[in-house]
Amino acid sequence: MKIGTPKEVYEGEARVAMTPESAQALQKLGYDCAIETGAGALAGFTDAAYEEAGVEVVKTAAALWKDCDIIAKVRVPNDTEMKRLREGQTLISFFNPAGNEKGLEAAKKKGANVIAMEMVPRISRAQKMDALSSMANIAGYRAVIEAGNNYGRFFTGQITAAGKVPPAKVLVVGAGVAGLAAIGAATSLGAITYAFDVRPEVAEQVESMGAEFVYLDFEEEQEDGASTGGYASVSSPEFREAQLAKFRELAPDMDIVITTALIPNREAPELWTEDMVKSMKRGSVIVDLAAEKGGNCKLTVADEKIETENGVIIIGYTDFPSRMAAQASSLYATNIRHMMTDLTPEKDGKIVHNMEDDVIRGATVTHDHEITWPPPPPKVQAIAAQKKEKPKELTPEEKREQEIAAFKAQTKQQVTLLAIGAALVLGVGLIPGMPASFMQHFIVFVLSVFVGFQVIWGVAHSLHTPLMAVTNAISSIIILGALIQIGSSSMLITLLAALGIFMAAINIFGGFLVTRRMLAMFQKS
């Protein structure tokens, strides 16, 4: 079978669904690859690069659609492209099934199989195909770059001979994929970064990236965002009012605001009102990543950059991924390649459209003359989506009883281990001809093993830090004992000493190596 990628017809779209690198991976799956002339030019991929990768370069889009069994593209196909679909052909693309009823009906009538990349379920196994996250990651990073380009000041604070420069203050509203990417970019540039999300469980992620999470003084039983596909749920009117009040408090101090709050197939919630914009300082920048669905900011104009009367710049571009076309194309082409890997279990260049597979079924919107959207809930639910039952609150008496029972069980276990150990030591001591000096050393050995077990076994996994690795390395000072004994006249003692040196050496070198690697994780390159 042949997979082809046409040139995107949407004005200003620079991405391409196949790169020379992804084409080589697709060929290993048994597919022939084709691409329309100039399809990758705006993303920096020349026709010559495709030809070198073994891709056939086709002169016209019509010929490509006619000749290929599988079409991979980026944007939702227009009417002309939908007319080129044919019976049994597979289309892999963003498709917007919720707002593209006409396209669904056309694909059904044609008998084409359509896989909508935005419908890939958000489960662990499907992360490698999650094109929405790939593009959101780029959009969040690019939003910070666009903001910096229009802000006109440093992000990081500086003290120079010419004076002191305060750091920029950045607020990211929404800590999803795009929000976290924006937080990472802003903090790495040295800005003081704040972030807000209606899901308080993401606070730990935000703070781990060096930003400060904005909490509300409001208690409400929020629905777990993951239960709606990993997106934040709709909040109550009371929560929304508390949220807006907090934003009004923050607005005068913020230099850059990046809004990312958007749930697929819904209009963007208004989070940054006109009065908040008016309270911001001249030269401040707002980047609205929800502009395509109306925007989180009241004054956002889709696909435009405007400046308000008080000098606030509002950016409403809807093509952030396309502004980083080379990177976006590489990530999206990789998502397509992983989808094709799942569709080709035998790696023989033939699609197996398994509608029992959660990922394939979830992403398929038309199949075999039927509209299969919306899909049923995936059989494998995200861990975060599973409702966590609140632990039963115990009375003081019940807690006391539990503590006593746990203490008794622990004491019983320790007494049992001591009894077994004593019996073993006694058994060794009863062996005829056993020297007294050996028994002294053996008892010390047994006691040290017991004490070491009790100390190490009780350490929580979260405390196995570089310090523990260093401790392991230093504790291998016991290698000195083995070095002393290796010159013994007894072959058995020499063998055991050599074994001890070998194991202690692994502990020493391994401990320091692990320590170095773990510390490197916290160092900036």
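Residues numbered from 1 in each chain as written. Predicted model: local features only at pLDDT ≥ 70, side-chain atom pairs only at ≥ 80, totals over all residues. Heavy atoms only, no water.

Participant: Quick question: what am I supposed to make of the overall build of the protein chain here?
Facilitator: Each helix and strand in the protein chain was counted, giving 17 helices and 17 strands. Burial analysis of the protein chain (525 residues in total) assigns 41% to the buried set. Sequence separation of 24 or more characterises 63% of the internal contacts of the protein chain that already satisfy a separation of 6 or more. Taken as a whole, the protein chain presents about 29400 Å² of accessible surface, with 59% of it coming from carbon and sulfur. (Helix = DSSP H or I, 4+ residues; strand = E, 2+ residues; numbered from the N terminus. Buried < 20%, exposed > 50% of the residue type's maximum accessible area, 1.4 Å probe, protein only. Contact = heavy atoms within 4.5 Å. Areas by Shrake-Rupley, 256 points an atom, 1.4 Å probe, with all protein chains shown as cover.)

Participant: Just to check I follow, could you spell out a nonpolar patch on the surface for this structure?
Facilitator: A contiguous nonpolar surface patch, about 660 Å² in accessible area, is contributed by L492, L496, L499, F502, M503 and I506. Summarising the element assignment, M503 is placed in helix α17 (residues 491–520). The exposed category is assigned to M503, whose relative accessible area is 52%. (Patch = residues over 30% accessible without salt bridge, like charges linked within 9 Å, V, L, I, M, F, W, Y side chains within 5 Å. Salt bridge = Lys/Arg side-chain N within 4 Å of Asp/Glu carboxyl O.)

Participant: Honestly, the packing of helix α6 (residues 131–151) against helix α11 (residues 325–343) in this entry has me stumped. Any pointers?
Facilitator: Two numbers describe a pair of packed helices, the interaxial angle and the distance between the axes. Orientation of α6 relative to α11, taken along the N-to-C sense of each, is 165°, at an axis distance of 9 Å. As the angle between them shows, α6 and α11 are arranged roughly antiparallel. Crossing angle aside, the handedness with which α6 passes α11 is right-handed. Packed against α6, whose contacting residues are A131, S134, M135 and I138, the element α11 presents Q327, A328, L331, Y332 and N335 at the interface. (Axes fitted to C-alpha atoms, helices over the stretch in contact; angles between N-to-C directions. Parallel < 35°, antiparallel > 145°, perpendicular 65-115°, else oblique. Left-handed = near helix turned anticlockwise from the far one by under 90°.)

Participant: What's the story with the sheet that holds strand β10 (residues 192–196) in this structure? I'm lost.
Facilitator: Here seven strands make up an open sheet; going across it, the order is β11-β10-β9-β12-β13-β15-β14 and the pairing mixed. Lying at the two open borders of the sheet, with one neighbouring strand each, are β11 (212–213) and β14 (305–307). Along the sheet face, α6 touches β12 (256–259), β13 (285–288), β14 and β15 (313–315) and points at about 155° away from the line of β13. (Pairing = 2+ DSSP bridges.)

Participant: Even after reading the chapter, I still don't get the pattern of salt bridges, so can you show me in this structure?
Facilitator: Close approach of charged atoms lets side chains of opposite charge pair. All chains considered together, the criterion is met by 19 salt bridges. In this structure, R400 and E403 form a salt bridge, with 4.0 Å as the shortest nitrogen-oxygen distance. Separated by three residues within a single helix, R400 and E403 lie in helix α13 (residues 396–429), roughly one turn from each other. Its relative accessible area of 52% is what places R400 among the exposed residues.

Participant: Where do I start with the nonpolar core in this structure?
Facilitator: The tendency in soluble globular proteins is for nonpolar side chains to be buried as a group. Among the nonpolar cores identified, the biggest contains 42 residues, and I3, Y332, M339 and M340 are the most heavily contacted of them. When residues of this core are traced back to their parent elements, those giving at least two are α1 (20–28), β2 (32–36), β4 (70–72), α6, α11 and α12 (358–363). A per-element tally of this core places α11 first, with seven residues. Counting residues in each nonpolar core, the second largest holds 32 residues, with A168, V170, L180 and A195 among its members. (Core = buried A, V, L, I, M, F, W, Y, C linked by side-chain atoms within 4.5 Å.)

Participant: Help me understand the pairing of strand β9 (residues 169–173) in this model?
Facilitator: The two faces of the sheet receive side chains in turn, since in a regular strand these alternate between them. Of all five residues in β9, four are buried; the element is thus mostly enclosed. Handedness of the crossover joining β9 and β10 through helix α7 (residues 177–188): right-handed. Note: β9 against β12, four bridges, orientation parallel. Residue pairing across strands places V170 opposite I256, the latter belonging to β12. (Right-handed = clockwise from strand over helix to strand, strands pointing away.)

Participant: Sorry if this is basic, but what is going on with the pairing of β12 here?
Facilitator: What you see with β12 is no split at all: I256 and I258 on one side and V257 and T259 on the other are buried throughout. Across four bridges, the pairing between β12 and β13 is parallel. Directly across from I256, in β13, lies its bridge partner V285. A crossover connection joins β12 to the parallel β13 through helix α10 (residues 274–279); in handedness this β-α-β unit is right-handed.

Participant: Looking at this structure, I do not really get the packing of aromatic side chains. What am I missing?
Facilitator: A ring pair, where both rings are aromatic, is described by two values, the distance of the centres and the angle of the planes. Across all of its chains, the model carries seven aromatic pairs by this definition. Ring plane angle 90° and centroid distance 5.3 Å describe the contact between F196 and F247, whose orientation is recorded as edge-to-face. Taken together, the residues F196 in strand β10 and F247 in helix α9 (residues 237–250) connect sequence positions 51 residues apart. In this structure, R75 packs its charged tip against the face of Y10, placed 3.9 Å from the ring centre. Stacked on the ring of Y317, the Lys or Arg R323 has its end atom at 3.8 Å from the ring centre. (Phe/Tyr/Trp six-rings, centres within 6.5 Å; stacked < 30°, edge-to-face > 60°. Lys NZ or Arg CZ within 6 Å of the ring centre and 35° of its normal.)

Participant: Hey, could you run me through the sheet that holds strand β5 (residues 90–93) in this one?
Facilitator: Sheet strands associate in pairs through backbone hydrogen bonding, adopting either a parallel or an antiparallel arrangement. Across the sheet, eight strands lie side by side as β3-β2-β1-β4-β5-β6-β16-β17; this open sheet has mixed pairing. In this open sheet, the two edge strands, each paired with only one partner strand, are β3 (56–58) and β17 (370–371). Note: strand β16 (residues 364–367) against β17, two bridges, orientation antiparallel. By the bridge assignment for β17, T366 is matched with I371. Docked against the sheet, α11 engages β1 (2–5), β4, β5 and β6 (113–116), running at close to 145° with respect to β5.

Participant: I would appreciate a short explanation of α7 in the present structure.
Facilitator: For α7, which comprises 12 residues, the first-to-last C-alpha distance of 17 Å matches the rise-based estimate of 16 Å (1.5 Å per residue) to within 8%. Among the 12 residues that make up α7, nine are buried, leaving the element largely enclosed by the rest of the structure. Of all the residues in α7, the buried ones are A178, G179, L180, A181, A182, I183, A185, A186 and T187. After α7 finishes, the residue G190 shows a positive phi value of roughly 95°. (Expected span 1.5 Å × (residues − 1).)

Participant: I'm lost on the environment of N296 in this one. Help?
Facilitator: If you trace the backbone, N296 turns up in the loop between β13 and β14. When the C-alpha atoms of N296 and T260 are compared, they prove to be 7.6 Å apart, with 36 residues separating the residues in sequence. Dropping the residues within four chain positions of it, N296 is found in contact with T259, T260, A261, A268, P269, E270, L271, W272, D288 and A290. Within polar-contact distance, the side chain of N296 engages the side chain of T259 at 3.4 Å. (Polar contact = N/O pair within 3.5 Å; in protein donor to acceptor, adjacent residues only side chain to side chain.)

Functional significance is not addressed by these values, which are geometric in nature.
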